[in-house]
Amino acid sequence: MRKYFEIKNLSVGFNTFEGIRPVLNIEELAIDRGETFGLVGESGAGKTVLALTILGLLPKPAGMIHSGEIWFDGEDLTKKSEREMANHYRGSRISMIFQDPMSTLNPVFTVGHQITRVIEKQQGLKGEACEKRVLEMLDVVRLSDAQNMIKKYPHELSGGQRQRVIIAIALSCGAEFLIADEPTRNLDVTIQAGILKLIGDLQKEFNISVLFIANNMGLVNVVCRNVGVLYKGKMVEKGTSVEVIHNAKHPYTQTLISAIPRDKSEKLKFASVAIKPEAEHGCPYYARCVLAEDQCTQHVPMLEAVHGDHEVACFLADRSNL
Amino acid sequence: MRWFFDFIKTLQPGIRELRMSFYLLNRNRLQRFSLIIIIALVLVAIFAPVIAPYPSHAISATNPDDKLLAPSAKYLFGTDELGRDLFSRVIYGTRISLQTALIAVGLAMLVGVPLGAIAGGLGGVADEIIMRITDVFLSFPPLLLAIAIAAFLGPNLENAMLSIVISWWPWYTRIIRGQAVSIRERQFVRAARSIGTPVHRIIFNHILPNAFAPVIVQASMDIGGVILTIASLSFLGLGAQPPTPEWGLLISTSRTYFLNAWWYSTFPGLAIFITVLVFNLIGDGIREVLDPRTRKF
């Protein structure tokens, strides 16, 4: 039985002048209906590339899916044509919140116009019914003074307001699967909390599934049931968020967790830059790992179960408890 | 049809840019002077029948008693070989020149802009095909093309405009295409695609409006050049035909008389000179204002 959303052995690469550069290598990722899955990793880990791959929006002609399957509700998205993706999936079933609210809205149209167009297209509403729906959507994302807001151009709004508009647009599509690519990046903390709560509420209300992408372990902990940690395009640890946060096995995950700001000042226990040369055939994290042993340079560790659903790709998983 | 109205609405940023440049132009004395002359020329063109003392002379009325008279109070610019008032004819010529230049540039934009947006927006094979076609059109020498068109379709003002449109549109295609290629990679275009926006909407509602400003500026700079080209074509007999009071044509006919009627070639020539000069000055000014490296303030 396939899960609602499932990625199998996905491998994505970019063609460059120096040959194909692998960017993503995901063995397995599954999301249930109504579930929020958190994907964590540093910049350049491949999180956004994963999101674009799912939507079939990899930059062309550089980006390429080399192998693998993306199953969504019984259909393999990697086999769909551009036209099928545009007409039957993007927007109507899968939509995405982009990470940069400053550049995601078209600068020449008013906010209201942009939401109206989406609602007209995706929900087939016209005229007054449509206008009413636009105001409703702005209310859903807790944007006050909606009447005034729809007449404004993107540059007249603050980052948080724009992000809410973007979320409103993403939700107006009525999609059942939402990819939130660092939706709270660049926003201040109070707005961040508001938007996280909003996504959580909406998820419960409409029973949508969310792929929540972040580079902050603390955020993921708040909204997600399951978490995956991405490093250099590979999943290095996966499990329920409670388990992963309280019982992190992979040294990289531990770094991420120790980076969450707490009340007492804690020092980073791990290197955030390479401290030794890369191991060509070994663990991708070798260069930054303070615990690495000889065997780490020989083979690439695979994801292995340590406790229930909790899987870790590290040879030292049993020992690296700190 | 809706997309068309949206599109019209979205010319706003381009127009805003143009308005801003006019505001900035106003700060330079030479450019302010040019701007005033251009406004005057436009008014002259619009109110030609009111301003011209002898409107009927602009077309075909003849007045054999007064032929080739020197400038006087009665005939400000003198008269031509058929006794027509040169002043009236030059004034009507303003109308013809501005009109043809605007129409030619407008048509060239109408052809070039959508093609450029499609090329840049779609990319790939479509881009390759459209841009190679523009290369072909850019390789025609405009005057030779005009001669060929005149030979096939007969020499008149419309065909001269046609040849200008044919040799001019690829420039707009190139400008828009260059803009479109960079805008296509912007986040809001990607976001629009992520919610399933069809490609024609991406091109005409998202890319085109954001790519339009430089074309409006380029077009306003091109008008002087187009006026000069039209006059050249008419001078060569490939454009306007008698009795049209077109400036190039006036100079062309005046060649026979210029030894004893200096005014006949001088005034139409001055009209061309001043018009092209002020349009070029304004064009340079706009370029200067829009290029941060040459902007002086």
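Presented here is an overview of the structure given in this document. From a predicted model like this one, the values you see are computed outputs, not experimental measurements.

### Considerations on the overall build of chain B
- Across its full length, chain B holds 13 helices and zero strands.
- Secondary structure elements of chain B, listed N to C terminal, follow the sequence α-α-α-α-α-α-α-α-α-α-α-α-α.
- Based on the C-alpha atoms only, the size of chain B along its principal axes is roughly 75 × 50 × 35 Å.
- Taken across its 297 residues, chain B has 44% of its residues classed as buried.
- Put simply, 70% of the contacts in chain B that link residues at least 6 apart link residues at least 24 apart.

### Examining the overall build of chain A
- If you tally the helices and strands in chain A, you get 10 helices and 12 strands.
- Relative to the globule expectation of 20 Å for 322 residues, the C-alpha radius of gyration of chain A, 21 Å, shows essentially globular dimensions.
- C-alpha extents for chain A along the principal axes are approximately 70 × 50 × 40 Å.
- When the 322 residues of chain A are sorted by exposure, 43% land in the buried category.
- In chain A, once contacts between residues fewer than 6 apart in sequence are set aside, the share between residues at least 24 apart is 63%.

### What about helix α9 (residues 187–194) of chain B?
- For α9(B), a buried count of six out of eight residues is recorded, marking the element as mostly surrounded by other parts of the structure.
- Contacts from the buried residues of α9(B) go to α1 (47–55) and β6 (94–97) of chain A together with α8 (157–184) and α10 (199–211) of chain B.
- Remark: Gly196(B) follows α9(B) within two positions and exhibits a positive phi of approximately 80°.

### Describing helix α6 (residues 159–172) of chain A
Residue and element names in this part refer to chain A.
- With 14 residues, α6 should cover 20 Å at 1.5 Å per step; its first-to-last C-alpha distance of 20 Å lies within 8% of that length.
- Taking burial as the measure, the 14 residues of α6 include 12 buried ones, the bulk of the element.
- Every buried residue belonging to α6 is among Gln161, Arg162, Gln163, Arg164, Val165, Ile166, Ile167, Ala168, Ile169, Ala170, Leu171 and Ser172, and all of these are buried.
- On the buried face of α6, the contacting elements are β6, α3 (111–123), α4 (127–140), β7 (177–181) and α7 (189–206).

### Notes on the interface of chain B and chain A
- Chain B puts 16 residues into the contact, and the matching count from chain A is 21 residues.
- When residues of the side of chain B that touches chain A are traced back to their parent elements, those giving at least two are α2 (12–25), α9 and α10 of chain B.
- No other element matches the six residues that α9(B) contributes to the side of chain B that touches chain A.
- Each residue belonging to the side of chain B that touches chain A can be placed in one class, and the counts come to six nonpolar, seven polar and three charged.

### Let's talk about the packing of helix α3 (residues 29–46) of chain B against helix α5 (residues 86–122) of chain B
All names here are of chain B.
- α5 packs onto α3 with a crossing angle of 105° between their chain directions and a minimal axis gap of 8 Å. The angle between α3 and α5 places the two elements in the roughly perpendicular class. Between α3 and α5, the residues in contact are Leu41, Val42, Val44 and Ala45 and Ile91, Thr94, Arg95 and Leu98, respectively.

### Description of the environment of Ile103(B)
Residues and elements named next belong to chain B.
- In this fold, Ile103 is placed in helix α5.
- A count of 16 C-beta atoms within 10 Å places Ile103 in the partly exposed class.
- In this structure the C-alpha to C-alpha distance between Ile103 and Val165, which are 62 residues apart in sequence, comes to 9.1 Å.

### Things to note about the packing of helix α6 (residues 124–138) of chain B against α8(B)
Residues and elements named next belong to chain B.
- In the contact formed by α6 and α8, the axes pass within 8 Å of each other and the chain directions differ by 140°. With respect to α8, the element α6 is oriented oblique. Relative to α8, the crossing made by α6 is left-handed. Where α6 abuts α8, its residues Ile130, Met131, Thr134, Phe137 and Leu138 lie against Ile166, Ser167, Pro170, Thr173, Arg174 and Arg177.

### A short note on the pairing of β7(A)
Residues and elements named next belong to chain A.
- Here β7 lies mainly inside the structure; five of its five residues are buried.
- Residues Phe177, Ile179 and Asp181 point to one face of β7 and Leu178 and Ala180 to the other, with burial holding for every one of them.
- As judged from the four bridges shared by β6 and β7, these two strands associate in the parallel manner. Its bridge partner lying in β7, Ile97 is registered against Ala180.
- Relative to strand β8 (residues 209–214), β7 runs parallel, the two being bridged by five bridges. The residue of β8 that forms the bridge with Asp181 is Ile213.

### Thoughts on the nonpolar core
- Counting residues in hydrophobic clusters, the biggest one holds 165 residues, and the most contacted among them are Ala170(A) and Phe212(A).
- Discounting chain neighbours no more than four positions away, the residues touching Ala170(A) are Ser95(A), Met96(A), Ile97(A), Leu178(A) and Ile195(B).

### Comments concerning the environment of Thr134(B)
All names here are of chain B.
- The topology assignment puts Thr134 in helix α6.
- Here Thr134 falls in the buried class, since 20 other C-beta atoms lie within 10 Å of it.
- Contacts of Thr134, omitting those with residues within four sequence positions, involve Pro170, Thr173 and Arg174.

### Concerning the pairing of strand β11 (residues 304–307) of chain A
- Inspection of the sheet shows β11(A) paired to strand β12 (residues 310–312) of chain A by three bridges, in the antiparallel sense. By the bridge assignment for β12(A), Ala305(A) is matched with Glu311(A).

### Brief notes about unusual backbone geometry
- Cis geometry marks the peptide bond from Pro242(B) to Pro243(B); its omega dihedral reads 5°.
- Along the chain, Pro243(B) turns up in the loop between α11 (213–235) and α12 (247–254).
- Positive phi values are uncommon outside glycine, yet Asn207(A) reaches one of about 50°.
- Along the chain, the position of Asn207(A) falls in the loop between α7 and β8.
- The class for Asn207(A) is exposed, based on 11 C-beta atoms found within 10 Å.

### Focus: the environment of Arg2(A)
All names here are of chain A.
- Its location among the elements puts Arg2 in the segment before β1 (5–16).
- Each C-alpha atom, one on Arg2 and one on Phe72, is 9.1 Å from the other, the two residues being 70 residues apart in sequence.
- Not counting residues up to four positions away in its chain, the partners in contact with Arg2 are Trp71 and Gly74.

Conventions and cut-offs
Residues numbered from 1 in each chain as written. Chains lettered and ligands numbered in written order. Predicted model: local features only at pLDDT ≥ 70, side-chain atom pairs only at ≥ 80, totals over all residues. Helix = DSSP H or I, 4+ residues; strand = E, 2+ residues; numbered from the N terminus. Buried ≥ 20, exposed ≤ 12 C-beta atoms within 10 Å, placed from the backbone. Contact = placed C-beta atoms within 7 Å. Rg over C-alpha atoms; globule rule 2.2 N^0.38 Å. Expected span 1.5 Å × (residues − 1). Nonpolar A, V, L, I, M, F, W, Y, C, P; charged D, E, K, R; others polar. Axes fitted to C-alpha atoms, helices over the stretch in contact; angles between N-to-C directions. Parallel < 35°, antiparallel > 145°, perpendicular 65-115°, else oblique. Left-handed = near helix turned anticlockwise from the far one by under 90°. Pairing = 2+ DSSP bridges. Core = buried A, V, L, I, M, F, W, Y, C linked by C-beta atoms within 7 Å.

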